[in-house]
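Analysis of the macromolecular model
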Amino acid sequence: MALQKNPIMVLLLFGLLQLIVVTKSENTTIQGCPQYCGSVKIPYPFGYTKGCYYNTSFQLTCNQTFNPPKPFFQGSNVTILEIILEDGELLVESPIARDCYDKRGKLMENESNQVASTISFSQFPLSTRNKFITVGCDTMGAVGGERGRFFATGCIALCNSRNDVVDGSCEGIGCCQMDIPKDVWDFGTISGPILNNHAIVHDFNPCGYAFVAQEGSYNFSKLDLVNLKKKNTSRVVLDLAIGNFTCEQAKVMDDYACRAKNSECLNSSNGPGYRCKCLDGFKGNPYLLDGCGDINECLRPINPCQERWSCENLIGSFKCSCLKGFKGDGKINGTGCTPIDHTTSKFVTTLSIALGVSTGILILIVGSSWIYWGAKKRRLIKLKYKFFQQNGGLLLQQQLQSHQIETAQIFTADELEKATLNYDQSRVIGQGGYGTVYKGILTCDKIVAIKKSKISNTSQIEQFINEVIVLSQINHRNVVKLIGCCLESEVPLLVYEYITNGTLSDHLFDKLGKYSSLSWKMRLNIATETASAIAYFHSSISMAIIHRDIKTANILLDENCIAKVSDFGASRLVPVDQTQLTTLVQGTLGYLDPEYFHTSQLTEKSDVYSFGVVLAELLTGQKALSFERPEGGINLALHFISSMKEDRLLQILDKNMIIVDEDIEAIKVVANLAKWCLRVRGEERPSMKEVASELEGLIHKEIHPWGPNSNNNQEDMNVEETKYLLESSCLHAHIGSSNDSSVRFKSMLNENLQSYRSGR
């Protein structure tokens, strides 16, 4: 009774109970061993005094000359900032490479550190949760692995004005970033100029920087172009791993490290070895005998049940209950508690996903508790289902019924978990910046591709909605089909048709010999099919679509090497009365339209430029961006155009491409077409409809009356007539002609184009 009258005492008691629950399992190291080095907690298996570490791989040094003391790896100058056993990670300090210049462009050696190395001498690899980042307006940064897998890459950050730079954006204007691969131990970074030693941009950017940093720990700001030189180090994540054995091998050994009763063993996903973790519902140190203690979920500040009184703690788990007349698991992150009402489930099934094609309305119903409701701007509103049913459901139903509606198949979370073996690593078929694609086998034995976003946040939901809306309007044989989606999961899930033969990028840049080389005719077919799909986006549907990320990695190939364009998360719908959109620059470096890059004005010609880069890759077998090429040739588009001007096309063709003599003329035409697409000014580029027409003309040349299989001999064609045709030809007027091209072949192309324009 006294407690009920004194709410402060209740809160104090509640806090004390929480403390007891947490500290019961907070035994972090061996008794008698120091738990801290300065302010850094040192949990077992790590330690820095004899008998306090698992083996010498986990032996640290606590340097007392610092105030407070700092822990280091044995024999290394890499500072350890934090050891996180639960996540199997270590946070360490890494130096930033920098190159600084005076106004005349002279290197200021006392302020520069162009090469910076992070050598830990440990067995802990660099985590893929890091990013390599380059900052500057005249900067090329590079990173390379020191041990383990051979790894070297880099990126370029450029800008002309501080006004071009966007806070928070690291897409190439003042800042660029790249992923870190697996199996890399220790690394070095390099920072250097690419244009004028910062002389032109010196007033707002005297230095360039290159560093590796924990994903999310660095947020780019235009102020960093001046002030980043005040920062000497970054936070980097290393993955914890024990030995070189798998869990199965380690469990039979005397020194098996997972000693706690309620712990489990996890194989390393980044190189050899394993690590230990407390089971779900337990917390503590899995490397100690009694290290994993039960968590009382019911005493957490944020209760897992819809009603706190309904929570019951269990060993390693908890249980929530619903009132009579309600159903569900009672959990906030589960199905919750909903009235037992059969009309509700019917309504949910009917409206689980509906797209108003003409209005842009989207409604997503998650389970039967929460509703995400969006309109043209795709800004989501979260409503309780009961409230929505009473206040908005009937009105929205009427709106949907008055418009053309398209529906997609709805999958449950359980269905997709079973289809992917609970998203097993062996089912991964692709990974990107926004998520992972898994191979799924449904209960009907149908194979699908399931795209799972990395995290659940506003940007991911917007990507999800954008892709559904765009794909709902597309019906083309060369576009990957959206089959359906899952609305129950924590992160968005989209289900596509499964394309069996990898990406065009896989085939062109295959270093493992997994794919056979593509012949010229196959490459021409792929280019034609891709161009046909993009032209369809631009001009054959009610509201034009700009893809915005055309690249070889987004062109899938089926078993017959038929192209399928994919990944519409960055695409934009263009209203009928507009020809361009002002957007935040987005795309992939190397494929990005330079005009869009500098003006933020997105047009259909931006896709044309990206397709021009794809054509250059098909012809040369080289990547859009590669630091393996000599200086000046890093960007394939510039390298390709330069080679064309110097009449070196045949020297840069892919040596793995299977060609015959009669292919040379078509190759030259496609090369000129690529050059046309890569014009700097968008208005000087062709439309995708023109590009598709030119490529289709090449595909059909063998059945043309002037083609090589024709019975009509046109070798003696009147020269004056030929000259007239060439002078009026789109190919001649816009992309030039090769000195070696045959008159007959160009005339044939001209006729195809003229027929197309007259509406054949």
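Scroll up for the structure.
Predicted, not measured: the structure shown is a model, and the values here were computed from it.

Bringing helix 10 (residues 520–539) into the picture now. Taking 1.5 Å per residue, 20 residues should reach 28 Å; helix 10 reaches 28 Å between its end C-alpha atoms and fits that length. Across the 20 residues of helix 10, 15 count as buried, placing the element largely inside the fold.

Turning to the packing of aromatic side chains, a few remarks are in order. For the structure on display, the rule yields 10 aromatic pairs. Look at Phe 46 and Phe 58: their rings are 5.0 Å apart centre to centre, the planes differ by 70°, and that puts the pair in the edge-to-face class. With Phe 46 in the loop between strand 2 (40–41) and strand 3 (60–63) and Phe 58 in the loop between strand 2 and strand 3, this residue pair connects regions lying 12 residues apart in the sequence. Both residues of the pair, Phe 46 and Phe 58, count as buried. Ring plane angle 35° and centroid distance 5.8 Å describe the contact between Phe 66 and Phe 72, whose orientation is recorded as tilted. Aromatic ring contacts, followed pair by pair, group Phe 46, Tyr 54, Phe 58, Phe 73 and Phe 124 into a single cluster. One residue, Lys 331, lies across the ring of Phe 318, its end atom 4.9 Å from the ring centre. In this arrangement the basic side chain of Lys 452 is found over the ring face of Tyr 423, its NZ or CZ atom lying 4.0 Å from the centre.

Moving on, we come to the sheet that holds strand 5 (residues 80–84). Adjacent strands of a sheet form backbone hydrogen bonds with each other and so pair up, either parallel or antiparallel. A sheet is described by the order of its strands in space; here three strands give the open sequence 5-6-15, paired in antiparallel fashion. Each end of this open sheet is capped by a strand with a single partner; those strands are strand 5 and strand 15 (233–239). With strand direction ignored, the average angle separating the axes of adjacent strands in the sheet is 25°. Both strand 5 and strand 6 (residues 89–95) contribute to a ladder of four bridges, which runs antiparallel. Across the sheet, the residue bridging to Ile 80 is Val 92, located in strand 6.

Spatially, four strands are ordered 8-13-10-11 in an open sheet, and the strand pairing comes out antiparallel. The sheet is open, and its two borders are formed by strand 8 (115–118) and strand 11 (152–158), each paired with just one other strand. Pairwise comparison of adjacent strand axes, ignoring direction, gives a mean angle of 15° for this sheet. Here strand 10 (residues 138–148) runs beside strand 11; their pairing, made up of seven bridges, is antiparallel. Paired with Ala 142 across the two strands is Gly 154, which belongs to strand 11.

Here Lys 689 is to be found in helix 16 (residues 688–699). Expressed as a C-alpha distance, the spacing of Lys 689 and Ser 532, which sit 157 residues apart in the sequence, is 7.5 Å.

In this chain, Tyr 44 is followed by Pro 45 through a cis amide linkage whose omega measures 20°. Secondary-structure assignment places Pro 45 in the loop between strand 2 and strand 3. In this structure, His 198 is a non-glycine residue whose phi angle is positive, near 65°. Along the chain, His 198 turns up in the loop between strand 13 (184–193) and strand 14 (207–214). Residue Cys 561 is not a glycine yet carries a positive backbone phi of 60°. Mapped onto the secondary structure, Cys 561 falls in the loop between strand 36 (555–557) and strand 37 (563–565).

Attention shifts here to the pattern of salt bridges. Considering all chains together, one arrives at 13 salt bridges under this definition. We note a salt bridge from Lys 131 to Asp 179, for which the minimum N-O separation is 2.3 Å. Of this pair, Lys 131 sits in strand 9 (residues 130–135) while Asp 179 sits in strand 12 (residues 175–179); the two residues are 48 residues apart in sequence, bridging distant segments of the chain. Residue class for Asp 179 comes out partly exposed when judged on its relative accessible area of 47%.

Calculation notes
- Counting of residues starts from 1 at the beginning of each chain's written sequence and follows it residue by residue.
- Local features are withheld for residues below a pLDDT of 70 in this predicted model, meaning they are given only at 70 or higher, and side-chain atom pairs are given and counted only at 80 or more; totals for whole chains, interfaces and linings count all residues.
- With hydrogens and water stripped out, all remaining heavy atoms of the structure feed into the side-chain values.
- Per the convention used, a helix needs a DSSP run of H or I reaching at least four residues, while a strand needs a run of E reaching at least two, with both numbered from the N terminus.
- Expected helix span is computed as 1.5 Å times (number of residues minus one).
- Between buried and exposed lies partly exposed: a residue is buried under 20% and exposed over 50% of the maximum accessible area for its type, with that area taken using a 1.4 Å probe on protein chains only.
- Pairs were defined over the aromatic rings of Phe, Tyr and Trp, the Trp ring being its six-membered one, requiring ring centres within 6.5 Å. Orientation was assigned from the angle between planes: stacked under 30 degrees, edge-to-face over 60, tilted for the rest.
- Cation placement over rings: the criterion is NZ of Lys or CZ of Arg within 6 Å of the ring centroid and within 35° of the ring normal.
- What makes two strands pair is DSSP finding at least two bridges between them.
- Note on geometry: axes are lines fitted to C-alpha atoms, helical ones only across the stretch in contact, with angles between N-to-C directions running from 0 to 180 degrees.
- When a carboxyl oxygen of Asp or Glu is within 4 Å of a side-chain nitrogen of Lys or Arg, the pair counts as a salt bridge.

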